[in-house]
Amino acid sequence: MIPALAIRNYTLDYVTAAGPGRVLHDISLEIMPGEVLGLVGESGSGKSSLAWALMRHLPDNAREVAGLLQLGDVDLQRLSPRELTKIRGRRLGMVFQDPSTSLNPTLTIGRQVTETLIQHHGLKPRDADALAIDLLGDVDLDNPAEIMRRYPHEISGGEKQRVVIATAFGCRPDVILFDEPTTALDVITGARILELFARLRRETGVAALYISHDLALVTRVADRVAVLERGCLVEQAPAADIFRAPRHANTRALVDAVSRPERRLVHDKPHDQVLLAASDIEVQYGSGGLFRDAPPPATKKIGLEVRGGEILGLVGESGSGKSSVARALTGLARFSGKISFDEHEIHGMGDMNAAYRRDVQIIFQHPDSSLNPRHRIDEILSRPLKLYGGHLADIPGLLNQVRLPASYANRWPHQLSGGEKQRIAIARAFAARPKLVICDEITAPLDVSVQAQIVELLLALREETGTAFLFITHDLNLIRQIAHRIAVMRRGEVVDLLPVEDFDADHVHSYTRELMAASPVPVG
Amino acid sequence: MTLAWFARRLMLTLYTVIVVSMLVFAITQILPADAAQSLLGENATPDALAALRAKLGLGDPAWLQYSRWARHVFTGDFGISMRTSLPVGPEMLAALSRSLLLTVSAILVTLAVAVPLGVVAALRQGRLTDTGVSLIAYLGVSLPEFVTATLLALLLADTLHWLPATGYVSPLEDFGGGIRHLALPVLTVSVILVAHVMRMMRSETLDVLKSDYIRAARLKGLPERTVLFRHALRNALLPVITIIALDVGYLLGGVIVIEEIFAIPGIGRALMIAITTRDLPSIQAGALIMAATYAVTNTFADMAYAFLDRRIRYD
Amino acid sequence: MTELFIRLMRKPQGFVGVVLLALIAAACLFGPALAPYAPEKIDFLGRFRAPGWQNWLGADQFGRDILSRLMVGARSTVPLAFIATFVGSAAGAIIGVGSAYLGGRTDEAIMRTNDAVLAIPGLLMALLLVSTLGNGAGNAVIAIAVAFAPGMARVTRSAALNVRNQDYVKAAIARGEGAPWIIFREMLPNVMAPIVIESTIRVSFAIMLFATLSFLGVGAQPPASEWGLMVADARQYMHQAPWGLIAPSAAIALTAVAFNLLGDGLRDALNPKDER
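A brief look at the structure comes next. Since the structure is predicted, the reported quantities are computational estimates derived from the model, not experimental observations.

What to know about the overall build of chain C
Per the secondary structure count, chain C includes 10 helices and 0 strands. When the elements of chain C are put in sequence order from the N terminus, they spell out α-α-α-α-α-α-α-α-α-α. Per-residue burial over chain C gives 54% buried out of 276 residues.

Let's talk about the nonpolar core
Residues V175 and L209 of chain A together with A126 and I144 of chain C are the most contacted members of the largest nonpolar core, which totals 329 residues. Apart from residues no more than four positions distant in its own chain, I144 of chain C is found in contact with A84, G88, A126, A206, L209 and F210 of chain C.

Some details on the interface of chain B and chain C
Every contact between the two is made by 36 residues of chain B and, on the other side, 34 residues of chain C. In terms of residue count, helix 1 (residues 3-30) of chain B provides more of the side of chain B that touches chain C than any other element does, 9 residues in total. In the side of chain B that touches chain C, the residues fall into 27 nonpolar, 7 polar and 2 charged.

Notes on the interface of chain C and chain A
Interface size is often expressed as the accessible area that is lost when the parts come together. The interface of chain C with chain A comprises 19 residues on the first partner and 22 residues on the second. Elements represented by at least two residues in the side of chain C that touches chain A include exactly helix 4 (104-118), helix 7 (167-175) and helix 8 (179-215) of chain C. With 7 residues, helix 7 of chain C is the single largest residue contributor to the side of chain C that touches chain A. Among the residues forming the side of chain C that touches chain A, the class breakdown is 7 nonpolar, 4 polar and 8 charged.

Regarding the environment of L416 of chain A
Residues and elements named next belong to chain A. Examined against the element boundaries, L416 turns out to sit in the loop between helix 16 (395-401) and helix 17 (418-430). Assessed through the 19 C-beta atoms surrounding it within 10 Å, L416 is described here as partly exposed. When the C-alpha positions of L416 and G137 are compared, they lie 47 Å apart, and in sequence the two are 279 residues distant.

Focus on the environment of T204 of chain A
All names here are of chain A. Note on placement: T204 falls in helix 8 (residues 187-204). Separated by 32 residues in sequence, T204 and R172 have C-alpha atoms that sit 7.7 Å apart. Leave out the neighbours within four places in its chain, and T204 touches F169 and R172.

Some thoughts on helix 1 (residues 47-55) of chain A
Working note: α-helix, 3.6 residues per turn, so residues spaced by three or four point in the same direction. Listed as buried for helix 1 of chain A are K47, L50, A53, L54 and M55 of chain A. With its phi angle positive at about 60°, R56 of chain A sits one or two positions after the end of helix 1 of chain A.

What to know about the packing of helix 7 (residues 145-159) of chain B against helix 10 (residues 243-269) of chain C
In a pair of packed helices, the angle between the axes and the distance between the axes together describe the arrangement. Taken N-terminus to C-terminus, the directions of helix 7 of chain B and helix 10 of chain C make an angle of 145°; their axes are 10 Å apart at the nearest point. Remark: the crossing between helix 7 of chain B and helix 10 of chain C carries left-handed chirality. In this structure, helix 7 of chain B contributes V147, T150, L151 and L154 of chain B to the contact, and helix 10 of chain C contributes L245, S249, I252 and A253 of chain C.

Thoughts on the pairing of strand 12 (residues 302-307) of chain A
Residue and element names in this part refer to chain A. Residues I302, L304 and V306 of strand 12 are buried on one face, while the alternating residues G303, E305 and R307, pointing to the opposite face, are not. Summarising the sheet, strand 11 (residues 274-284) and strand 12 pair through 5 bridges and their orientation is antiparallel. Bridging from a neighbouring strand, A278 pairs with L304 of strand 12.

Comments concerning the pairing of strand 20 (residues 493-499) of chain A
Residue and element names in this part refer to chain A. Looking at chain direction, strand 19 (residues 485-490) and strand 20 are connected through 6 bridges and run antiparallel. The residue bridging I486 from the neighbouring strand is L498, located in strand 20. Linking strand 19 back to strand 20 in an antiparallel pair, the connection comprises 2 residues, with R491 at a positive phi of about 50°.

Quick notes on the rules
- Residues numbered from 1 in each chain as written.
- Chains lettered and ligands numbered in written order.
- Predicted model: local features only at pLDDT ≥ 70, side-chain atom pairs only at ≥ 80, totals over all residues.
- Helix = DSSP H or I, 4+ residues; strand = E, 2+ residues; numbered from the N terminus.
- Buried ≥ 20, exposed ≤ 12 C-beta atoms within 10 Å, placed from the backbone.
- Core = buried A, V, L, I, M, F, W, Y, C linked by C-beta atoms within 7 Å.
- Contact = placed C-beta atoms within 7 Å.
- Nonpolar A, V, L, I, M, F, W, Y, C, P; charged D, E, K, R; others polar.
- Axes fitted to C-alpha atoms, helices over the stretch in contact; angles between N-to-C directions.
- Left-handed = near helix turned anticlockwise from the far one by under 90°.
- Pairing = 2+ DSSP bridges.

Right under this line is the structure:
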């Protein structure tokens, strides 16, 4: 039986001003009909480039140095543009990462689904419409006929991704390439998409190349897993084995970096006395304009408390209000309610004095935008020192604390990597010697291995300073490793606030249970 | 588009027109230390000055003068011209219609030329066609209207004698003659507009072609022609409405110069005559009408855009 | 500053822009000294002389050397346009940044009014002001500055809003930094770049606007050798001496192009991401 997709000794370069850079080195992979191969790698591993190479959609500065790309019996590299349009979508499909940008905002959903059917199967418009409705129903969309008439911005992210999947599956291709299809979606929505994928795969027997940075996720979805590291294939094994017995050092590092709730990283107990108590916090964004009503509040009178030295996790999906809580607590958003901190009562931004602002620090999600691009690192770190009493001579010490060389003080933010910038943000927060640090999804944009390093750094700093953390994240497995207690938020409300040991008990809220089901513990 | 959205847009337009009227009035009547003096010139007798002051009510507080004027204007009475002693309103509006003929023709020509050129330049990015188009666009934007007008007149009227250099004939009376007389002014305006719109189209089209949904359409196996015409152009053409609307404002200003050079009796020329002869009511009326036209055009453009781009439907 | 200059020169637009501007600056500074003839020197024998060794760009209806008039006229055109843009940009920037910082309903009210003022086309605004203030180059400068301010306010506000929403500004607020620090040290350096670029391009509009006002007779007055005036004069004699028309037109165009190119070059050079 010939493989559905075969890549043999494929080598790819990108030519830049600095000369050719190798992106993929001597890659050999095979996917048999009906098989799902997971391709895992961190950013810069070249995994997406492989997908573009297969689709023949490489950038202009790409040079294919060697190798063979075969779809069944067709040599993909030898196709003429005309033959290529016949293959794309028809025999080789693709599902992209971000459904909100891969659908044309000015065409109806129906049009975008039927055009492939008409193009590849020569159906008449009426028949294509009927078939499209069937396909949308197959992907569990309610009221497919209605959705056909809508525009992309009128349906949700999860629904959009189902439409994209329906379109890809609709032409019954031999192979479908999935490029991180759940990364841009919420945890629960993403989990549902994975279930959908599993079902469709069973029903249609399509072969698939599933690309992701998430090793744990891929092992749930794929039959075999291949690991890419900086353009080289370091390991290929059945999914079950990869976790249990990784052979290559890189794979082992990836496996170790995966969050496993049963592996606690924090073993002490917090103090008893309450450091910060927030009650009836309601966050309001935006007043009305001259002609507009104000939007509804982002949170509905929620309450939280953090004890000295505690790690309180705050978990929720987008729109749950968790970031709004962070902003209220640091005086970045208007709120009503009460915050008690250190015997000081705060009812609004104006009540936050210098002592509060020193003791409560925040680290933001995106390292690119949390450091002023026109300030050097030493200037960035000097600010908290100047504001809260410290000496400029402390700067090398701060850099050392976050495991960065002292020479970085003279650099500009754009010269640092994402992980390094996040460390600077951490250094900046700890320069104030705070009692509470709020981490607003700080690990989300980072690679898994970098994530693990950052978490380890934070825990080490906590050991040294005894700081409490309010750790906001959507990654339930991660927070279960480090938090003492976890609050679960949904649509502006706290639905559960439990000690971490109680998380798999029976009395948890149904939403919490859904979240747990959507982030299963990896096998191995 | 909801009713509330409509109502908001209309209120905004009204607000704009009111602010403009205040500004025009303030600049022309309140700002000058002695409006009567500047209207009659240095040789005016004290009696004449006093008479004019009384007639215009220049002694009254500013807001009273304004409200008097505004009340008349918003009921359609623009006053009597100090130069011709005829009502200002009808003459200005007739002039406006002639200017609109000029500007609308220029816009149509621009759309027909600039949009395809911009798209083609984007499709052939980096190649000779693109460089050539971009260079011409650069030049077009760097020449003031009077230069373009004069150079074109030099070439087409003076040297080649293809078109008349000045003058206006109403197309309603003599279609051929009317076209021939309008050709140079329309051409001049179009040169600058085309340069501007072409650059925008090119940049818009380039952005659209780089977008994820175009990539997705290609990778679905749609032929390039379908990708371009069904997917790309719809998105690239949308901003053209906004660009044209913004350019109308520029056009209305430029029309002053163009009509001066080519002796077209439009609102620009009427304004220039009013300014040089210090005909206050005509200046006020002309300026207000011009700005109001711009404001209204923008509102229509907003509505057209919103209609076509469903994303803005819910504000 | 020097590294900015180097990066500016590396791109073709920046390079050409800088070179052209250097020429123009030289004309402004040394024009009268370098000009072959005095600009007002009348020579009836040389009326309408075609370009040649005696008058490199030809002579006008009074026999005045066009090249000399151009070189001296640079002084009447360019620096004034510069000043007008600078004043207009400064005024616009204050309104824009202030409005963005205040936010909320105040911001909306300011901007709606600003947009209403923008409904008056620039040339019309300038004409109205000049007709009130009186003809002359100085008043033309004021008029242009006022005409530019609302447009710059818009651009500045949107740049300022963009910066205001960045996390580093939020971090500064959360730290408890004072408003002056936030505005001047966090926001302004990041807002300056778009403002400078937009202003540079606006200088080319100011030059064209100034020349237009002079052309219409309300800007610079004769016998100044302002370029717009030169075109106005030369129009009547288009048949006999087209060079009288072409030379100043080319000068205006070249200057406008130079500032446009400089603006484009600055856009690339001021992007910190390109620093290596």
